[in-house]
Amino acid sequence: MDFSLTEEHIMIRDAAKDFAHTELLPGVIERDNKQEFPDELVKKMGDLGFLGIMVDPKYGGSGMDTISYILIMEELSKIDASASVIVSVNNSLVCYGLEAFGTEDQKQKYLTKLATGEYLGAFCLSEPEAGSDATSQATTAEDKGDYYLINGTKNWITNGGRADIYLVIAQTDKNKGHKGINVFIVEKGTKGFHIGPKEDKLGIRGSDTHTLQFNDVKIPKENRIGDDGFGFKFAMKTLSGGRIGIAAQALGIASGAYELALKYSKERKSFGTEICNHQAIAFKLADMYTEIEAARMLVMKSGWDKDKGYNYDMSSAMAKLYASKVAMEQTVEAVQIHGGNGFVKEYHVERLMRDAKITQIYEGTSEIQKIVISRGITKG
């Protein structure tokens, strides 16, 4: 067992940390207030290789491992979870899905642009009646011979208004259940494809979240990924990796809040001494640090499993379940340590607390993670 980072990992982590502090931090409160998508910062993240972290260099990616991805996600998430979820979706759900299961033509046409940041991707699975129950797809893709006709609605789509490429999960044959589901590449601007208003969210307010409408959207057969009926398996395999990204995001939110709380506790005085010297605060900090380190071990283990080629369904589910719980609990504690200042935007911790909640919901709720884990236990 080796818990040390390589020199390359340390360089990657430090580069992400530097970018987060010099580029993301200055306008993060204003972007949150205005629900402003960080267009220019996304371009810069593309230039740094953050949008195609694990993609093979022959397709324009950085060719890094999953541990590198986790390190980058954590550092970005400490400062701006809205920016980090853009990175997570593009990497885990879109680039990974195309590289792992797409044809060579699809990779050359789309992946090469997604990995460099020239294009941005979105993953379209959730629907008004199909969030956690991904098998109940109401969006349909009618086979018309040499093309498909897509109709339906997708909800809560990250990068929904800014993406260039959308991976859309749709039901082709309801009689086959989940085996009748397919996944299609849909380009922005395709006739019949409409983007609804931006959602007004509790947290990750700089992220772009929309409802999408598909009205007789004509998609050529070559835009289907995988064999007929592969869509549900595609979604499940892709989401397992996506959970690692969100677990890393949750870890970053928690550790970012902890770092702010520790710094504040060393500066704020009460009863004649810094508040970190009061046992009530010192014990909070001790608990926070311990919980965050435990979450880090689970997140790193899931990334290690993926890099080693092991099955990471359970380890990614456990990482997301626990890290998201830690993010929610420790951001609340960070606000408490800040006292009244914790309720004020300029101290950042209230935003981190709001951002933390979504990590228990998207890419599979905590309840869904428990289903994945319990099935893994009982089958083992």
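As the structure is a computational prediction, the values presented were derived from the model and not from experiment.

**Student:** Which residues make up helix 11 (residues 366–379), and what values go with them?
**Tutor:** Along its 14 residues, helix 11 runs 20 Å from first to last C-alpha, staying within 8% of the 20 Å computed at 1.5 Å per residue. Those residues of helix 11 that fall on the buried side of the exposure criterion are Ser366, Ile368, Gln369 and Ile373. Buried residues in helix 11, looked at end-on, bunch into an arc of 165°, giving them a common side. Residues Glu367, Arg375, Thr378 and Lys379 are exposed on helix 11 and point more than 90 degrees away from its buried face. Those residues of helix 11 that are buried are in contact with helix 7 (231–267) and helix 9 (313–338).

**Student:** Explain the state of the cysteines to me, and be specific about the residues and the numbers.
**Tutor:** In total, this model carries zero disulfides according to the counting rule given. Its sulfur unpaired, Cys95 is 15 Å from the next cysteine sulfur, which belongs to Cys124. By relative accessible area, which is 1% here, Cys95 ends up buried.

**Student:** Which residues make up the layout of surface pockets, and what values go with them?
**Tutor:** One number sums up the size of the second largest pocket: a volume of about 670 Å³. Lining the second largest pocket are 21 residues; nearest its centre among them are Asp2, Phe3, Ser4, Ile67 and Met300. Of all the secondary-structure elements, those providing two or more residues to the lining of the second largest pocket are helix 1 (7–24), helix 4 (66–79) and helix 8 (279–308). Ranked by residues supplied to the lining of the second largest pocket, first place goes to helix 8 with seven residues. Of the residues belonging to the lining of the second largest pocket, the class tally is eight nonpolar, three polar and ten charged.

**Student:** Can you lay out the nonpolar core for me, pointing to particular residues and giving the numbers?
**Tutor:** Membership of the largest hydrophobic core comes to 87 residues, with the highest contact counts inside it found for Leu76, Phe123 and Leu167. When residues of this core are assigned to their parent elements, the largest contribution, 16 residues, is made by helix 7. Filtering out sequence-adjacent residues up to four positions away, Leu167 remains in contact with Leu93, Val94, Ala122, Phe123, Cys124, Val183, Phe184, Ile185, Ile225 and Phe234. In terms of nonpolar packing, the next biggest core, distinct from the first, is built from 17 residues, Tyr148, Ile150, Phe184 and Val186 among them.

**Student:** Which residues make up the packing of helix 9 against helix 10 (residues 349–357), and what are the values?
**Tutor:** Put simply, helix 9 and helix 10 touch, their axes get as near as 8 Å, and they point 160° apart. As summarised for this structure, helix 9 and helix 10 are arranged roughly antiparallel, according to the angle between their axes. As helix 9 runs across helix 10, the sense of the crossing is left-handed. Contacts from Ala327, Met328, Thr331, Val332, Ala334, Val335 and His338 in helix 9 reach Val349, Glu350, Leu352, Met353, Ala356 and Lys357 in helix 10. Within the contact of helix 9 with helix 10, the residues separate by chemical class into nine nonpolar, two polar and two charged.

Quick notes on the rules
- Residues numbered from 1 in each chain as written.
- Predicted model: local features only at pLDDT ≥ 70, side-chain atom pairs only at ≥ 80, totals over all residues.
- Heavy atoms only, no water.
- Helix = DSSP H or I, 4+ residues; strand = E, 2+ residues; numbered from the N terminus.
- Expected span 1.5 Å × (residues − 1).
- Buried < 20%, exposed > 50% of the residue type's maximum accessible area, 1.4 Å probe, protein only.
- Arc of directions from axis to C-beta.
- Contact = heavy atoms within 4.5 Å.
- Disulfide = S-S within 2.5 Å.
- 1 Å grid on protein atoms, 1.4 Å probe; cavity = no way out; pocket = protein on both sides within 12 Å on 5 of 7 lines; lining within 4 Å.
- Points joined across faces, edges and corners; volume = space filled by probe spheres on them.
- Nonpolar A, V, L, I, M, F, W, Y, C, P; charged D, E, K, R; others polar.
- Core = buried A, V, L, I, M, F, W, Y, C linked by side-chain atoms within 4.5 Å.
- Axes fitted to C-alpha atoms, helices over the stretch in contact; angles between N-to-C directions.
- Parallel < 35°, antiparallel > 145°, perpendicular 65-115°, else oblique.
- Left-handed = near helix turned anticlockwise from the far one by under 90°.

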